[in-house]
Amino acid sequence: MNINTYRTLWLSDIHLGCRDCKIDYLLDFFEHNQAETIILVGDIIDLWSQKHRAYWPQSIMLSSIYS
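Description of the structure in this document.

Reading the values: the criteria
Residues numbered from 1 in each chain as written. Predicted model: local features only at pLDDT ≥ 70, side-chain atom pairs only at ≥ 80, totals over all residues. Heavy atoms only, no water. Helix = DSSP H or I, 4+ residues; strand = E, 2+ residues; numbered from the N terminus. Buried < 20%, exposed > 50% of the residue type's maximum accessible area, 1.4 Å probe, protein only. Contact = heavy atoms within 4.5 Å. Polar contact = N/O pair within 3.5 Å; in protein donor to acceptor, adjacent residues only side chain to side chain. Pairing = 2+ DSSP bridges. Right-handed = clockwise from strand over helix to strand, strands pointing away. Arc of directions from axis to C-beta.

### Concerning the environment of Asn-2
Along the polypeptide, Asn-2 turns up in the segment before β1 (4-12). Relative accessible area serves as the criterion here: at 60%, Asn-2 is assigned to the exposed category. Residues Asn-2 and Asn-33, 31 residues apart in the sequence, show an inter-C-alpha distance of 8.7 Å.

Quick look at the structure:
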């Protein structure tokens, strides 16, 4: 497997907790990319969506990233 290495990755608008979140794409991204620093900017967890209707499938759990 080819892994890309970067000094810094910027991640934005992930919207964890929203039904439209593409968590599978994010997990695949982490499998193929690594960085010294990952900077999270804006809308990582969709708190507005959580307030109205919680959606937190098993695939979002952080332990799945390291499995």
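Having put the structure on the table, let's press on.
### Overview of the environment of Asn-33
Mapping Asn-33 onto the fold places it in strand β2 (residues 33-41). Setting aside its immediate chain neighbours within four residues, Asn-33 contacts Ile-3, Asn-4, Tyr-6 and Leu-9. At a separation of 3.2 Å, a polar atom in the side chain of Asn-33 contacts the side chain of Asn-4. Of the polar contacts made by the side chain of Asn-33, one reaches the backbone oxygen of Phe-29; its length is 2.9 Å.

### Thoughts on the pairing of β1
Relative to β2, β1 runs parallel, the two being bridged by eight bridges. What sits directly across from Thr-5, in β2, is Gln-34. Read from β1 through helix α1 (residues 23-32) to β2, the crossover connection turns out right-handed.

### Considering α1
Taken residue by residue, α1 has Ile-23, Leu-26 and Leu-27 as its buried positions. Taken down its axis, α1 places every buried residue within 95° of arc, on the same side. α1 presents Asp-24 and Tyr-25 as exposed residues on the side facing more than 90 degrees away from its buried surface. Summarising the contacts, the buried residues of α1 are in contact with β1.

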